[in-house]
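The chain contents come next:
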Amino acid sequence: MRFLMLISGDEAAWSGDDAATREVMGQIRDWYARWLPTGKVLPGGAMLGPAAATRTIAAGEGGRVAVTDGPYVELKEVIGGIVPLDVTDADEAVAIAATWPGIVPFRETVEVRPVMN
C-alpha cells in the first residue's frame, strides 16, 4: 500500500543555521539512509520551498480561474515536505512516520495519508 507522509511545521524552525538545526537536518539525512534501502520509504519525496513563494490557483469571480500569491490561508504551520511510503498497511506507515526526526525538536506534525490508486 502506498501512503504519503505530509510533514508540517513552523517554517522558522527549518530556516535556522544554528548547530541544533544542522544536527536535526543531519538526523533527517540519517533517517533517509536508514529507510530508503528497505524500500518502505520511496525516492521522490520533497522538501518544499517557503510558503511565501506559493501561488494558489482557485475559482474566482464569474467562474474564472484566479491566481494569488502566497498560500490560500495564512497559517503559522505549513506543509514543508512530503515522503512517499510503500508499506504493508496503515500501522506500518504510522510506525515509520513516528520515527521522523523533526517531530520533537522542530515540533513538526506528520500526517500519514493513503494514496488513491
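Position labels on residues start from 1 in each chain and follow its written sequence. A pLDDT threshold of at least 70 governs which residues receive local features in this predicted model, and a stricter bar of 80 or more applies before side-chain atom pairs are shown or counted, although totals over entire chains, interfaces and linings include all residues. Heavy atoms throughout the structure, all of them, feed into the side-chain values; hydrogens and water do not.

Observations regarding a nonpolar patch on the surface
Consideration 1: Any residue with relative accessible area above 30% and no salt bridge may belong to a patch, with like charges joined within 9 Å and the nonpolar Val, Leu, Ile, Met, Phe, Trp and Tyr side chains within 5 Å. All accessible areas in this document rest on Shrake-Rupley with a 1.4 Å probe, and a residue is counted as covered only by the protein chains that are shown. Salt bridges are counted wherever a side-chain nitrogen of Lys or Arg sits within 4 Å of a carboxyl oxygen of Asp or Glu. A cluster of nonpolar side chains, namely Ile-57, Val-65 and Val-67, defines an oily patch on the protein surface of about 310 Å² accessible area.
Consideration 2: Mapped onto the fold, Val-67 is located in strand β4 (residues 65–69). Strands are runs of DSSP state E lasting at least 2 residues, helices are runs of H or I lasting at least 4, and numbering of each runs from the N terminus.

Quick look at the sheet that holds strand β1 (residues 2–10)
Consideration 1: For two strands to count as paired, DSSP must find a minimum of two bridges between them. Here we have four strands laid out as an open sheet, ordered β2-β5-β1-β6, and antiparallel in their pairing. The sheet terminates laterally at β2 (46–47) and β6 (109–114), the two strands that pair on one side only.
Consideration 2: Note: β1 against strand β5 (residues 77–86), nine bridges, orientation antiparallel. When the bridges of β5 are listed, Phe-3 appears paired with Leu-85.

Some words on helix α3 (residues 90–97)
Consideration 1: Along α3, the positions that sit buried rather than exposed are Ala-93, Ile-96 and Ala-97. Summarising the axial view, the buried residues of α3 lie within an arc of 100 degrees, below the 170-degree limit, and thus occupy one face.
Consideration 2: Only heavy atoms matter for contacts: two residues are in contact if any of them lie within 4.5 Å across the pair. Of the surrounding secondary structure, the elements contacted by the buried residues of α3 are β1, α2 (19–35), β5 and β6.
Consideration 3: Contacts described as polar in this section are N or O atom pairs within 3.5 Å, which, within protein, must combine one atom able to donate a hydrogen with one able to accept it, while residues neighboring in sequence count only if both atoms come from side chains. N-capping of α3 is provided by Asp-89, with a side-chain oxygen placed 3.2 Å from the backbone N of Asp-91. Burial classes: relative accessible area under 20% of the type maximum marks a residue as buried, over 50% as exposed, and values in between as partly exposed (1.4 Å probe, protein chains only). Of all possible arcs, the one meant is that of the directions from the helix axis to the C-beta atoms.

Focus: the side chain of Glu-108
Consideration 1: Mapped onto the fold, Glu-108 is located in the loop between α3 and β6.
Consideration 2: The charged-residue count follows a simple rule in which Lys and Arg add positive charge and Asp and Glu add negative charge, with His and chain termini not counted at all. Despite its burial, Glu-108 pairs with no opposite charge, the nearest such side chain being Arg-107 at 11 Å.
Consideration 3: In this view, Glu-108 contacts Ile-7, Ser-8, Trp-14, Trp-100, Gly-102 and Ile-103; residues no more than four positions away in its chain are not counted.

Keep in mind that these numbers describe shape and distance, not what the molecule does.
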